[in-house]
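Results of the structural survey
Residues per chain, in single letters:
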2 protein chains.
Amino acid sequence: MKEIRGKIADITKRRGIYWGAYEIYGGVSGFYDYGPVGALLKKNLLDIWLEEFVYSDGLLFIDAPAIGPDSVYKASGHVDKFTDYMVRCISCGHAFRVDELIKDFVDNPDLLTPDEIEKIIEENDVRCPDCNGKFGKVEEFHLMFSTTIGLDKRGFLRPETAQGIFINFPTLYRINREKLPMGVAQIGKAYRNEISPRQGVLRQREFNMAEIELFVDPEEKFNEELIEDIELPLLTRDGFELKINAKEAYKSGLANGYIIYYMQKILSFLKSVGIDTSKIRFRQHHREELAHYSKDTWDCEILISNGWTEVIGIAYRGDYDLKRHMESSGADMRAFRKFEKERKIRINKIVPRMEILGPRYKAAAMKIARAMEAMEFEENSVHGTLKIELDGHVYDVPEEAYEVIDVEKKVSGERFLPHVIEPSFGIDRLIYSIIEHTYYERQDTGYKVLRFPPRLAPIKVGILPLMAKDSLDSIARDIMKELRTAGINGYYDDSGSIGRRYARADEIGVPFCITVDYQTKEDNTVTIRERDSTKQKRINKDELKDTLKKLVAEEILFEEL
Amino acid sequence: MKEIRGKIADITKRRGIYWGAYEIYGGVSGFYDYGPVGALLKKNLLDIWLEEFVYSDGLLFIDAPAIGPDSVYKASGHVDKFTDYMVRCISCGHAFRVDELIKDFVDNPDLLTPDEIEKIIEENDVRCPDCNGKFGKVEEFHLMFSTTIGLDKRGFLRPETAQGIFINFPTLYRINREKLPMGVAQIGKAYRNEISPRQGVLRQREFNMAEIELFVDPEEKFNEELIEDIELPLLTRDGFELKINAKEAYKSGLANGYIIYYMQKILSFLKSVGIDTSKIRFRQHHREELAHYSKDTWDCEILISNGWTEVIGIAYRGDYDLKRHMESSGADMRAFRKFEKERKIRINKIVPRMEILGPRYKAAAMKIARAMEAMEFEENSVHGTLKIELDGHVYDVPEEAYEVIDVEKKVSGERFLPHVIEPSFGIDRLIYSIIEHTYYERQDTGYKVLRFPPRLAPIKVGILPLMAKDSLDSIARDIMKELRTAGINGYYDDSGSIGRRYARADEIGVPFCITVDYQTKEDNTVTIRERDSTKQKRINKDELKDTLKKLVAEEILFEEL
């Protein structure tokens, strides 16, 4: 398992997929650069994500800032709760996340108190992995990067893109013409100041996310037609590992309908970007493991050399976020639910007793009486002194100054807090998983190949003249220009033997290579070579552009040529 | 001029292009949200940018982190030099950038010392724009957002994406197989903690950039074929405003060849995204105005309601950045220049005098002699005591222990620091300019329209059933699904009159609307309506997808249908 990690570390660095950032300054752990191949891989992956999750479902796509003020992250709960426990080595001073140190000794390291953690460290004589020193006391470490906005306003770098969507709910709901369900998507960087990230690209301090917040009316019936007849690999919180038909999973109430809907979509998406579907499972969080905002969460885990790894989470966040922001900001974060037909409800109204109000309030009595008449209460909720605010005064109206009557009122609907289902994608982890799952070595030569699907491949085509002379090179260069103009990302390569050039292309997952040879000059044909089968076909140069467009868009397969 | 700003503020907020961020918490100036229309507009703009600048020229595209360590921004000069002068109002405490307060009284406010600034404020009785209070002393204000990485490492949010490219030069140069010119592009957020940003989206604290660093060999002859026969609108540093043919501009030495090359590309790019080319000029910086790293800079300015506004900069950065990072990090940031043919150079070598070394160093004498023989020096640079490091010892070898000889050596090339040409795009300012330039009101109705080119338009098509009944609605919905699957972003709208629905589409620049009417049911045709001409044509529903694809990719024009 470690062997593949080494091979991938080699290929990603050497061929420009990604590498540790700030190398010339000794590196800073938790930060990575995507190189020329990796940045395009990420872009293509996100474009496919947009097509499959956003455009095809008609979601709203927004882009909010990464820096946010204090107020937002106080309301979201991050200022108070987004911390890890850490310990420092007394000898070398290095700091470590506690949960990783003690995970072999307890089941749920995240649920322990500092005292319990210290006990476990002592009992098991857990030592510093770097110098074998002893650890000091458990400390709390805040995971948000903080900064100062303007002269003195505290701000944070978002730890998730989600809050930028929640706080905009009223505006987005209006733009969506007050319709639910409403899905809002966002792609962007998020930031977590991990204490000592040591898992390569899998645990970064600055990372790429793609998130959807689907706002739904919890009382609206779920549209069962969204559920397909496909098999889902689940691991429930009770420990049951099962393959279950999606329709059956929905009917048995295993999870919310939209969670199942997104499981389906995720399976098909992961397959389309090269993930081995036999190495995917949806694992339900244990109740104690749930984040503070979540009622139910299913992680989409992918099996890689590090074991089953959380890559995507689907959380049922309920109304937690909108409620918190409504309480903190005072803004109305509710949606409006229209009743199918007008409803009659019973409310309490007030009849002022002028014989008491008059002598008591004199000139103001009429105004106070009108204000009292305008008030509405739930049934049986009016007692005692009423506080009436009027023209800047507050009048304490005693109980004997009014009577309560019970009346009927017609209402067309009601305001409520929508619930949220959140599929959240860790893009860097997904990229790593794709690289592991698409990596193989040719049986005959041992050459390394990345089996990127054409639509995902960063570079679609290499154009290789058999020899860099006899005008084969200029023909190849002209083809490159033509293809680039048509939006097909290709490169020209005349260096080394054809076999070596194919091998170079294979290593960065180029799905097709065009070779220009002497026959090209005779009959205007070139060869197309497909990466995985290594088969070659001759086609007319004039058809090249259209054929490649279709191959790259996966509208036709190479075998169909 | 102010009128158009008000209209655009209305449309951008109301229709979801962008709005001030953190509204429910009272807003934080300098931060904006791109809404559902604006986020797609930005994405399409960046995709066009990638096509026209990156893919078509075969540049490398990378993605580096936004958070960087101290060391990088010390070396780049930002820690020392990236500051503004500010003053605080003694009465209300509000802070202001000095240059904006005094720009009416001096020509180059950025070049003054604090004392000079205070004098100007006093002489002209400059007061607080908010409360008319007096100002205190001039203070220096650092424009980078700072943060802490890990427990205690100072870090900054990048003020430009450029440094992420420079520090990776050695790796990128290797990946590019040591070829120059090498262009490297990056798109991403950058951050400047402006004191009190008051110019809406034109001056943001978190903003979007697209940058190219083109690394060239300053001794390599520029390829004149890159220069086209087109007219450039220039404003030189001497104050000459001229329209000049690019070839002539190049020949007369007005600017570096690559700067002119990028002026051409920028003109064509801006035109393709809807900018009025009569409102573009390239303004050369005055010598005093140049940034600390630049030898020559031309700003591409666009005329909007705020006046001529810098949107893109093309800076000749020389070897400033690579040199600084080489000095600071110790890494070799040089490229290799191969001589056309091997050159012979004269160097000094050393002949050890064993008769002196032997008695002096005994057993080590032979090793020392060999080390001396291996040394090479420039001519006439060897004198006095030589320091020879060997097995951890340093031996001071006196002058009498060696002779210097003059020999000839063959060298195949030399290492040098490449120069950098940097076209740097302010994406938010460009988006604002596009909105202003594409905005118009219909002469007959006064309805508002954004004339987005189809390729740029966030939403490509509205699908409108004439009536939401008689299965016209279901036909329209099916069309929407089909188009979405084909990657054409469209929406369904059955609310209000057709005229109103067209008007709604026009306001967010939807270039085409499809109407499904009763004739559709008879002969399977629908109408396509083009936004600007408001002309309609009937086409067969089965041809819709392919026709729209071509219209949206701007491969055919509506008139050609």
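Residues numbered from 1 in each chain as written. Chains lettered and ligands numbered in written order. Predicted model: local features only at pLDDT ≥ 70, side-chain atom pairs only at ≥ 80, totals over all residues. Heavy atoms only, no water.

Looking only at helices and strands, chain A features 18 helices and 28 strands. Its C-alpha atoms give chain A a radius of gyration of 31 Å, more than 25% over the compact-globule value 24 Å for 561 residues. In terms of overall dimensions, chain A has C-alpha extents of about 110 × 65 × 55 Å along its principal axes. Here chain A, with 561 residues, has 56% of them falling under the buried criterion. Counted over contacts in chain A with a minimum sequence separation of 6, partners at least 24 positions apart contribute 66%. (Helix = DSSP H or I, 4+ residues; strand = E, 2+ residues; numbered from the N terminus. Rg over C-alpha atoms; globule rule 2.2 N^0.38 Å. Buried < 20%, exposed > 50% of the residue type's maximum accessible area, 1.4 Å probe, protein only. Contact = heavy atoms within 4.5 Å.)

The next thing to look at is the sheet that holds strand β8 (residues 146–149) of chain A. All names here are of chain A. Spatially, 3 strands are ordered β4-β9-β8 in an open sheet, and the strand pairing comes out antiparallel. Two strands in the sheet have a free side with no partner beyond their single neighbour: β4 (67–69) and β8. Sheet twist, expressed as the mean angle between neighbouring strand axes with direction ignored, is 45°. Bridging between β8 and strand β9 (residues 153–157) involves 4 bridges; their strand directions are antiparallel. Paired with T147 across the bridge in β9 is G155. (Pairing = 2+ DSSP bridges. Axes fitted to C-alpha atoms, helices over the stretch in contact; angles between N-to-C directions.)

So, on to the interface of chain A and chain B. On the chain B side, the residues contacting the 79 residues of chain A number 79 residues. When chain A packs against chain B, close to 6,400 Å² is buried across both sides, 60% of that on carbon and sulfur atoms. Ionic pairing is found between K43 of chain A and D47 of chain B, a salt bridge with its closest N-O pair at 2.7 Å. Applying the counting criterion to the chain A and chain B interface returns 32 residue pairs in polar contact (both at pLDDT 80 or more). (Buried area = accessible area lost by both parts, 1.4 Å probe. Salt bridge = Lys/Arg side-chain N within 4 Å of Asp/Glu carboxyl O. Polar contact = N/O pair within 3.5 Å; in protein donor to acceptor, adjacent residues only side chain to side chain.)

Turning our attention to the packing of aromatic side chains. Under the definition given, this model contains 40 aromatic pairs over all chains. Here Y18 of chain B and Y32 of chain B contribute two aromatic rings whose centre-to-centre distance is 6.1 Å and whose plane-to-plane angle is 85°, an arrangement assigned as edge-to-face. Residue Y18 of chain B is located in strand β1 (residues 18–20), and its partner Y32 of chain B is located in strand β2 (residues 32–34); the two are separated by 14 residues in the primary sequence. Ring-pair connections join several aromatic residues into one group, and the members of that group are W49, F53, Y261, Y262, F269 and F425 of chain A. Between R477 of chain A and the ring centre of Y492 of chain A, over which it is positioned, the NZ or CZ distance is 4.0 Å. The cationic tip of K537 of chain B hangs over the ring face of F558 of chain B; the distance from NZ or CZ to the ring centre is 5.1 Å. (Phe/Tyr/Trp six-rings, centres within 6.5 Å; stacked < 30°, edge-to-face > 60°. Lys NZ or Arg CZ within 6 Å of the ring centre and 35° of its normal.)

This brings us to the relation of the copies chain A and chain B. With an RMSD of 0.6 Å, the fit of chain A onto chain B corresponds to turning through 179° and sliding 0.2 Å along the axis. One copy is carried onto the other by what is essentially a two-fold rotation axis. Considering only C-alpha atoms, the part of chain A nearest the rotation axis is T147 of chain A, at 2.7 Å. When the interface residues of chain A are mapped onto chain B, 100% of them again fall at the interface, so both copies present the same face. (Least-squares fit on C-alpha atoms with pLDDT ≥ 70 in both.)

The next thing to look at is a nonpolar patch on the surface. Taken together, the side chains of L466, M467 and Y518 of chain A make up a nonpolar region of the molecular surface, amounting to roughly 240 Å² of accessible area. Of note, Y518 of chain A is situated in helix α17 (residues 518–523). (Patch = residues over 30% accessible without salt bridge, like charges linked within 9 Å, V, L, I, M, F, W, Y side chains within 5 Å. Areas by Shrake-Rupley, 256 points an atom, 1.4 Å probe, with all protein chains shown as cover.)

Turning to helix α11 (residues 320–329) of chain B, a few remarks are in order. All names here are of chain B. For α11, the complete set of buried residues consists of Y320, D321, L322 and H325. Of the surrounding elements, those touching the buried residues of α11 are α3 (70–75), α4 (78–81), α7 (162–166), α8 (169–175), β11 (206–216) and β16 (307–318). Residue G330 follows α11 closely and has a positive phi angle near 80°.

Quick look at empty space enclosed by the protein now. Evaluated as defined, the whole model comprises 5 cavities of 30 Å³ or more. Breaking the lining of the largest cavity down by element, the ones donating at least two residues are α2 (36–55), β10 (182–191) and β11 (206–216) of chain A together with α2 (36–55), β3 (60–62) and β10 (182–191) of chain B. A per-class count over the lining of the largest cavity returns 16 nonpolar, 4 polar and 13 charged. (1 Å grid on protein atoms, 1.4 Å probe; cavity = no way out; pocket = protein on both sides within 12 Å on 5 of 7 lines; lining within 4 Å. Points joined across faces, edges and corners; volume = space filled by probe spheres on them. Nonpolar A, V, L, I, M, F, W, Y, C, P; charged D, E, K, R; others polar.)

Attention shifts here to unusual backbone geometry. Residues and elements named next belong to chain A. At the junction of L180 and P181, the peptide bond is cis and its omega measures out at -5° in the coordinates. Here P181 shows up in the loop between α8 (169–175) and β10. Its identity as a non-glycine residue notwithstanding, D470 has a phi of 55°, on the positive side. Residue placement: D470 occurs in the loop between β24 (461–465) and α15 (472–485).

Before going further, it helps to spend a moment on the pattern of salt bridges. Where charged atoms of side chains with opposite charge meet at close range, the side chains can pair. Residue and element names in this part refer to chain A. Summed over the entire model, instances satisfying the criterion amount to 100 salt bridges over all chains. Measuring nitrogen to oxygen at the nearest pair gives 2.9 Å for the salt bridge that ties E376 to K409. Taken as a pair, E376 in the loop between α13 (365–374) and β18 (386–390) and K409 in strand β20 (residues 402–416) lie far apart in primary sequence, 33 residues in all. Accessibility expressed as a relative area gives 42% for E376, which makes it partly exposed. By sharing partners, the salt bridges in this structure join D84, R97, D99, E100, E194 and R203 into a single network.

Right, let's get into the domain arrangement of chain A. One frequently used descriptor of interface size is the decrease in accessible area upon assembly of the parts. You can read the domains of chain A as domain 1 (2–63 + 158–320 + 421–427), domain 2 (83–142), domain 3 (339–413) and domain 4 (449–560). The straight-line distance from the C-alpha centre of domain 3 of chain A to that of domain 4 of chain A is 81 Å. (Domains from an automatic or database assignment.)

A word on the sheet that holds strand β7 (residues 139–142) of chain A. Residue and element names in this part refer to chain A. With antiparallel pairing, the 3 strands of this open sheet are ordered in space as β6-β5-β7. Each edge of the open sheet is held by one strand with a lone partner, namely β6 (95–97) and β7. Neighbour-to-neighbour, the strand axes of this sheet turn through a mean angle of 45°, independent of strand direction. Alignment of strand β5 (residues 83–88) against β7, held across 4 bridges, turns out to be antiparallel. Within the sheet, the bridge partner assigned to T83 lies in β7 and is H142.

Right, let's talk about the nonpolar core for a bit. Among the nonpolar cores identified, the biggest contains 160 residues, and W49, F269 and L270 of chain A together with W49, F269 and L270 of chain B are the most heavily contacted of them. W49 of chain A has contacts with V54, A185, Q186, I187, A210, E211, I212, F269 and F425 of chain A, leaving out every residue within four places of it along the chain. Membership of the second largest hydrophobic core comes to 89 residues, among which are M144 and V420 of chain A together with A21 and Y73 of chain B. (Core = buried A, V, L, I, M, F, W, Y, C linked by side-chain atoms within 4.5 Å.)

This part covers the side chain of H419 of chain B. Residues and elements named next belong to chain B. Within the secondary structure, H419 is located in strand β22 (residues 419–426). According to the relative accessible area criterion, H419 is buried, its value standing at 12%. Contact partners of H419, with chain neighbours within four places excluded, come to L214, F215, V216, P218, K295, Y316, G318 and D319.

Residue and element names in this part refer to chain B. Among the secondary structure elements, L430 is positioned in helix α14 (residues 427–438). Spatially, the C-alpha atom of L430 lies 13 Å from that of D299, the residues being 131 residues apart in sequence. With near-sequence residues (within four places) excluded, L430 lies in contact with L45, F269, L270, I275, I302 and V311.

Here we come to the side chain of N208 of chain B. With respect to the secondary-structure elements, N208 of chain B resides in strand β11. A polar side-chain atom of N208 of chain B sits 3.1 Å from a polar atom in the side chain of K42 of chain B. In contact with N208 of chain B, not counting residues within four places along its chain, are D63 of chain A together with Y34, K42, G188, K189, F425, G426, I427 and D428 of chain B.

Bringing the packing of α2 of chain A against helix α10 (residues 257–272) of chain A into the picture now. Residues and elements named next belong to chain A. α10 packs onto α2 with a crossing angle of 145° between their chain directions and a minimal axis gap of 11 Å. Judged by the twist between their axes, the crossing of α2 over α10 is right-handed. Where α2 abuts α10, its residues L45, I48, W49, E52 and F53 lie against Y262, K265, I266, S268, F269 and S272. Looking at side-chain class alone, the contact of α2 with α10 contains 7 nonpolar, 2 polar and 2 charged residues. (Left-handed = near helix turned anticlockwise from the far one by under 90°.)

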